[in-house]
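Chain by chain, the residues run as shown.
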Amino acid sequence: MTALYKDRRSLFSGTGSAIAAALVTGWMSGSMWIAGCAIPLGLTGFVRWMDMNAYERAMPGPQALAEARRWEKRYILGSSTFAVFLSLWCFLTFLLTQDPAVHLVSFAVCLAYMIGITGRNYASDQLVTFTTITAAVPMVAGLLLQYEFAYVFLALLLVPFFMSVRNIATRLRHTLFDAVVASHDLRALASHFDTAVNNMPHGLCMFDADQRFVVCNERFLTLLGLPTGGRWKGRKAVTLLARTLEANSVPKEGRQKVIESFQDWFAAGCSGALVLEAAGEKILELTFQPIEAGGCVMLVEDISEKRRAEARIEHLARYDALTGLPNRSYFQEQFEAVAARGQACALLFIDLDQFKVVNDTLGHPCGDALLCQVAARLRRVLRPSDVIARFGGDEFVVLRPLRGGDAKEASLTARRIVSALGDVFTVEGHQIVIGASIGIAIEPTDGETFDQVLKNADLALYCAKSDGRGVWRFFEPDMDVRAQDRRALEIAVRDALENGNFEVFFQPIINLKTGQTTVCEALVRWRHAERGMISPAEFIPLAEETNVIIELGDWILHEACRQCASWPGEVGVAVNISPIQFRRGDVVRSVISALERSGLPAHRLELEITESVLMENTEVTRTVLENLKRLGVRISLDDFGTGYASLSYLHHFPLDKVKIDRSFLQDVEADSRSRKLLVGVARLTADLGMSVVVEGVETRPQLTLLMRQSSIEEVQGFLFSPPRPAKDIPSLLEAGKVDFDQVA
Ligand code: C2E
Ligand code: CA
Ligand code: CA
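Values in this document were obtained by computation on a predicted structure and should not be read as measured data.

Draft legend 1. Fine view of the side chain of Gln709. Here Gln709 lies in the loop between helix H27 (700–707) and strand S21 (712–715). Looking at Gln709, the relative accessible area reads 14%, which means it is buried.

Printed below as a string of structure tokens:
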């Protein structure tokens, strides 16, 4: 629109020449009418000039389309009015005079005006069409009116001429329109591209074929730590790279390498990537990609977080989350690396002796804290070249590369570990002693693969634990044989249970005051076809390991109740209940069933439990014990003094009896301190309202000493009777009370 309105000069000259032409032709022809045409022409020119001023004042923006349309109409109106007056003047010259000179002037001016209008205003289709018609019709009519061949011929020529003028204008308009649209599209595309590039998380930069900087986004400069206001255009890529390396404090030696790699790629026209480890833990990845037309695109990505996440994942996959020690799979890798070097090494399999008790009594958070302290102690006593791993639970394994394959080194290490883990731990205010046992196997002598060596270290550990706590054992080939024996024994226990090869023996427990047998303890025996009578000490732990103790214990309970029901008087029976039966079995149901089947009154049944039962899962244990008490059954605590329970702990549970372990009787005859300990423990227990039994009485002096203690109610031991087959018990009971003066 502005294009139409802004051309004041052509309005001025157009109007001026038209007025002059009208006046001159009027004078030449002597016609007032013709000369008078100058007036409307001048007036129209003036109005149009005013309109131009008005437009300049209003100056509608490029977006105001409706307003632009209005202005266009006003312009067309002005321009067409002028064209009408002009062609009217031309028509009059043909009508009122016969002077060819006048005709020539008016025809030429009118034609020139029309061509000028279309040339200038081709963008407006309406204007061109209107002017062409308003100019053409009177001109053609005027020519035809002359009735002369030349005039008529000219009139006929004018028709195609006007049509082609209009066509040219239309074509021009389309060309202009296409150009405008194209440039608009291009601008829109450039703006979209700009938005995309400036919002991408990567830094992007382009270099031309001469390795000169062309363009980059802001992220590129921020990521590389370059000043955003810097003038980079036209600068060499190498200069920019050098500045980047400097800004990110990349060491000098590394810088040259980066620059050389970049130049090599550039020269070869191929792509590549570089990783820059910048200061402040920032890691950047620079990727170069050639452009078809020459040059390259450089992408910069901040991969610090990605790298950290990768490192975290790798750490999780290789290390134990609790202690931060390597886990099993990473340990295996390390073992295999040492073995591949042909270096001998020892595997020390460590088991914490009392960990389970601590975990069950003091809770898992405390257990976890203890494991962390164990890990810290292991780190302290071992060499940096040793690998320490935690395989889960309380299993720790150490890999010690051996110089010259000397196993003595491993032995020294084991000693150091046992001593370090044998010291008191303080966890959450608790003083804890746990101790450790260790099994050792050597690569390559005890096996070549990781699994073999580990299995053998485990076997050695098993032997170390059965040899007593706080010891270490080297693997010996016959340990494997023993392990196989154990497996065979496990199968045999199940068979024996099915085939009725177990038998219950009974050992009397005697009242110290009356000499009467009050209870007989049921002790299981296994009659083995080849091995003869096997001790429960040998197969009970195994039966516990394999859980077969649940069925075996149930059978013993039924058998013991059945036998007891046949005994005279009120003599009761004491049955040992394994911790596994408590943990996994249903003791209450088992007891109800045994009492019902045998018809034994509940008060004649006594259940012997161990301290470890009290330590595990205390709430559940107490509920089970209370349910048993409600049945009328009595509970006694077996082997008191060998485990972890303290006297203060006992009154939490509904216990009737405490059996003081026979280890308390050791040295009582000779050592006064042992004597005081036994007497003290017995008195305190009695004071807590529980009756006291002393187990394992073997000698006369022991009995004499015990008889002097009023707090001790009952005794049990070889001095009175060993455990005997069930068939011997009725006669033993009928023989009456024990005469303490006679036993010797
Ligand atoms: P315990 O419950 O402490 O049983 C007492 C053990 O001490 C018995 O060993 C008994 O023969 C032995 N004994 C008795 N008086 C003396 C003595 O004066 N001197 C010595 N040195 N030992 C004496 P036994 O029968 O070999 O049983 C060993 C352990 O096996 C038992 O210790 C008990 O823990 C377990 N056990 C035995 N029978 C059963 C059972 O039916 N069920 C369960 N769960 N465990 C049983
Ligand atoms: Ca017992
Ligand atoms: Ca006992």
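Draft legend 2. Layout of the site of ligand 1. Within the structure, ligand 1 sits among 21 residues, and Gln507, Arg525, Asp638, Glu698 and Phe718 are positioned closest to it. Asp639 is positioned with one of its side-chain polar atoms (N or O) 3.1 Å from an oxygen atom of ligand 1. Interatomic distance of 3.3 Å between a side-chain N/O atom of Arg662 and a nitrogen atom of ligand 1. Coverage of ligand 1 by the protein amounts to 83% of the 790 Å² it exposes when considered alone. Those elements giving two or more residues to the shell around ligand 1 turn out to be strand S14 (517–528), helix H19 (536–545) and strand S18 (634–640). The element contributing the most residues to the shell around ligand 1 is S14, with four residues.

Draft legend 3. How the structure looks around the confidence of the model for the protein chain. Counting all residues, the mean pLDDT for the protein chain is 88, and 97% of those residues have values of 70 or more. Looking over the protein chain, one finds the lowest element-wise mean pLDDT in helix H1 (residues 2–6), namely 70, and the highest in strand S16 (residues 572–576), namely 98.

Draft legend 4. Fine view of the coordination of the calcium ion (ligand 2). The calcium ion (ligand 2) binds to the protein through Glu521 (OE), Asn576 (OD1), Glu608 (OE) and Asp638 (OD), with metal-donor distances spanning 2.1 to 2.3 Å. Each donor residue of the calcium ion (ligand 2) lies on one chain, and together they are spaced E-x54-N-x31-E-x29-D. Taken as a pair, the calcium ion (ligand 2) and the calcium ion (ligand 3) lie 3.9 Å from each other and share Asp638 as a ligand. Of the two residues, Glu521 is situated in strand S14 and Glu608 in strand S17 (residues 605–609); the sequence distance between them amounts to 87 residues. A residue is classified by how much of its surface remains accessible, and Glu608, at 1% relative accessible area, is buried.

So, how was this worked out
Residues numbered from 1 in each chain as written. Chains lettered and ligands numbered in written order. Predicted model: local features only at pLDDT ≥ 70, side-chain atom pairs only at ≥ 80, totals over all residues. Heavy atoms only, no water. Helix = DSSP H or I, 4+ residues; strand = E, 2+ residues; numbered from the N terminus. Buried < 20%, exposed > 50% of the residue type's maximum accessible area, 1.4 Å probe, protein only. Near = heavy atom within 4 Å. Polar contact = N/O pair within 3.5 Å; in protein donor to acceptor, adjacent residues only side chain to side chain. Areas by Shrake-Rupley, 256 points an atom, 1.4 Å probe, with all protein chains shown as cover. pLDDT = per-residue confidence, 0-100. Donors = N, O, S within 2.8 Å, 3.2 Å for Na, K, Ca; no water.

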